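# Descriptive structure summary
Here is what each chain is made of, one letter per residue.
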Amino acid sequence: MKIHQGFIAGIITLSLLPAMAAAQATGQVQDSTQWAQSPAGARQALATPDAPASAPAVPAMTIDERHDGWVAIHHSPDHGLHTDLCIAGAENEVLMLRADADSLQMRSADDHWTLTPGSTGDMTVRIGAYQHVFHMQANDATTLSVDLKPQEMTDLLNGMERGQRASVEYGSRTVVDVALGGSAPVLDRFRGCAETNHFADLGHAPGTRANPF
């Protein structure tokens, strides 16, 4: 069964309305509806492969954490019994992280892009001392993605949770500044979602390790 995109958009939109309004009021989100309404971006990240026609009717989307323009979501194909997808990212879709049983991905999307599907380019993320060049590929006209190894994802999460702002540079032409102030609890939920569902061990947020000695 293919997930109905309009249904997903509606669920996310309704759940995000209070946070979106607050973020808009404080100038934290340039386009807070983009997360829910983008034809690529987050809704594509949430899409799962077609299942047999006999599958249960409506899969469940749940928003787990939401702070200052950042949101963590999980998807359940059987009304909460199991989770087959974890996702977290900025509502403006500049940085999105995705984990399932088959892969870990970082995605970046913009409705104004006109990419050629399959084309490639480098995206550099800088957060304080952290810097990494990701070799991205266009999924479609508006979305870039890259598969990550667990350690690469862990290093990115650590950098994001330690920093206050990220600089995202596409090639040598476009630079986007991303506020990370609300990302820490959202990314921590993403780590927990990935670990609990045996997708990957992405470590713990910096500063949250407990040791009695």
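Before reading further, recall that the structure is shown in the block above.
Residues numbered from 1 in each chain as written. Predicted model: local features only at pLDDT ≥ 70, side-chain atom pairs only at ≥ 80, totals over all residues. Heavy atoms only, no water.

## Focus on the side chain of Ser183
You can see Ser183 is positioned in helix H5 (residues 183-196). Taking relative accessible area as the criterion, Ser183 reaches 1% and is therefore assigned buried. Apart from residues no more than four positions distant in its own chain, Ser183 is found in contact with Trp70 and Met160. (Helix = DSSP H or I, 4+ residues; strand = E, 2+ residues; numbered from the N terminus. Buried < 20%, exposed > 50% of the residue type's maximum accessible area, 1.4 Å probe, protein only. Contact = heavy atoms within 4.5 Å.)

## Some details on the pattern of salt bridges
In total, this model carries six salt bridges according to the counting rule given. Arg126 is the partner of Glu169 in a salt bridge, and the nearest nitrogen-oxygen pair spans 2.8 Å. Within this pair, whereas Glu169 is found in strand S9 (residues 165-170), its partner Arg126 is found in strand S6 (residues 120-127), the two being separated by 43 residues in sequence. The partner of Glu161 in a salt bridge is Arg191, with the nearest N and O atoms 2.6 Å apart. A residue pair is termed long-range when its members are at least 10 positions apart, and Glu161 in helix H4 (residues 150-162) and Arg191 in helix H5 qualify at 30 residues. Its relative accessible area of 2% is what places Arg191 among the buried residues. One connected set of salt bridges, linked through shared partners, spans Asp64, Glu65 and Arg189. (Salt bridge = Lys/Arg side-chain N within 4 Å of Asp/Glu carboxyl O.)

## A word on the packing of H4 against H5
Packing of H4 against H5 leaves a shortest axis separation of 9 Å and a crossing angle of 155 degrees. Classed by the angle they form, the pair H4 and H5 counts as roughly antiparallel. Read as a crossing pair, H4 and H5 show a hand that is left-handed. Contacts between H4 and H5 pair Met153, Thr154, Leu157, Asn158, Met160 and Glu161 from the former with Ser183, Ala184, Leu187, Asp188, Phe190 and Arg191 from the latter. Considered class by class, the residues forming the contact of H4 with H5 number six nonpolar, three polar and three charged. (Axes fitted to C-alpha atoms, helices over the stretch in contact; angles between N-to-C directions. Parallel < 35°, antiparallel > 145°, perpendicular 65-115°, else oblique. Left-handed = near helix turned anticlockwise from the far one by under 90°. Nonpolar A, V, L, I, M, F, W, Y, C, P; charged D, E, K, R; others polar.)

## Brief notes about unusual backbone geometry
Despite not being glycine, Glu93 shows a phi value in the positive range, around 70 degrees. Position of Glu93 among the secondary structure elements: in the loop between strand S3 (85-90) and strand S4 (96-99). Judged by its relative accessible area of 0%, Glu93 falls in the buried class. Even without being a glycine, His198 presents a positive backbone phi close to 60 degrees. Secondary-structure assignment places His198 in the segment after H5. Owing to a relative accessible area of 71%, His198 belongs among the exposed residues under this scheme.

## Thoughts on the sheet that holds S6
The strand order across the open sheet formed by 10 strands is S1-S2-S3-S4-S5-S8-S7-S6-S9-S10, and the pairing between neighbours is antiparallel. If you trace the sheet from one side to the other, it starts and ends with strand S1 (60-67) and strand S10 (174-179), each paired once. Between one strand axis and the next, the sheet turns through 25 degrees on average, direction left out of account. Two elements, strand S7 (residues 130-138) and strand S8 (residues 143-147), share two bridges in a ladder whose sense is antiparallel. (Pairing = 2+ DSSP bridges.)

## Brief notes about the pairing of S4
Burial along S4 is two-sided: Met96 and Arg98 facing one way and Leu97 and Ala99 facing the other are all buried. In this structure, S3 lies alongside S4, joined through four bridges in antiparallel fashion. The partner of Cys86 across the bridge, within S4, is Ala99. Between S3 and S4, which follow one another and run antiparallel, lie five residues, and Glu93 among them has a positive phi close to 70 degrees. Across four bridges, S4 lies against strand S5 (residues 104-109) in antiparallel orientation. Its bridge partner being in S5, Leu97 is matched across the sheet by Met106. Two successive antiparallel strands, S4 and S5, enclose a turn made up of four residues.

None of this, on its own, says anything about what the molecule does.
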